[in-house]
Amino acid sequence: MDCIFCKIIAGEIPSAKVYEDDKILAFKDINPMAPVHVLVIPKEHIPSCDGINSENSSYVAHIFENIPAIAKAAGCTNGYRVITNCGEDAKQSVKHLHFHILGGKSLPENMG
Ligand code: DGP
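First, a word on what this report is: a plain description of the structure on this page.

Cut-offs applied
- Residues numbered from 1 in each chain as written.
- Predicted model: local features only at pLDDT ≥ 70, side-chain atom pairs only at ≥ 80, totals over all residues.
- Heavy atoms only, no water.
- Helix = DSSP H or I, 4+ residues; strand = E, 2+ residues; numbered from the N terminus.
- Buried < 20%, exposed > 50% of the residue type's maximum accessible area, 1.4 Å probe, protein only.
- Contact = heavy atoms within 4.5 Å.

Notes on the environment of G51
Okay, so step 1: Turning to its location among the elements, G51 is positioned in the loop between strand 3 (36-42) and helix 2 (57-74).
Okay, so step 2: When its relative accessible area of 25% is taken as the criterion, G51 is described as partly exposed.
Okay, so step 3: Counting along the chain gives 46 residues from G51 to L97, while the straight-line C-alpha distance between them is 8.3 Å.

In structure tokens, the structure reads:
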């Protein structure tokens, strides 16, 4: 499968990892939009939010169980934002479910 995030999971493309376990990987976004910009992804290929179901939702639960510690370790000491883009209108560019953690500054109120 030609998925850039699956290649990052496989170690075929390097990334700046900040957290990894058997189910999920977190790494720095290549094009940061804030002082802290980390992506958290499931190690199973789920194309987007639309692909979450009862078979794979444990990956999503595990991501959210770990987001607070990942965000704080990355430097979010005063809050953070979690975003997932799903589909064309949201401008999802990588078709592997990922959650952006943004922080390290006071973020703009406008989300779209
Ligand atoms: P989205 O628009 O929600 O699909 O965001 C995809 C993000 O993935 C975007 O902020 C840039 C990031 N990204 C794309 N390719 C790579 C890569 O090869 N390495 C890293 N670290 N981030 C990437």
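Some points on the environment of V82
Okay, so step 1: Note that V82 resides in strand 4 (residues 80-83).
Okay, so step 2: In this structure V82 comes out as partly exposed when scored by relative accessible area, which is 31%.
Okay, so step 3: The spatial distance from the C-alpha of V82 to the C-alpha of G51 is 18 Å, given a sequence separation of 31 residues.
Okay, so step 4: Excluding residues that lie within four positions of it along the chain, V82 makes contacts with F64, I67, F99 and H100.

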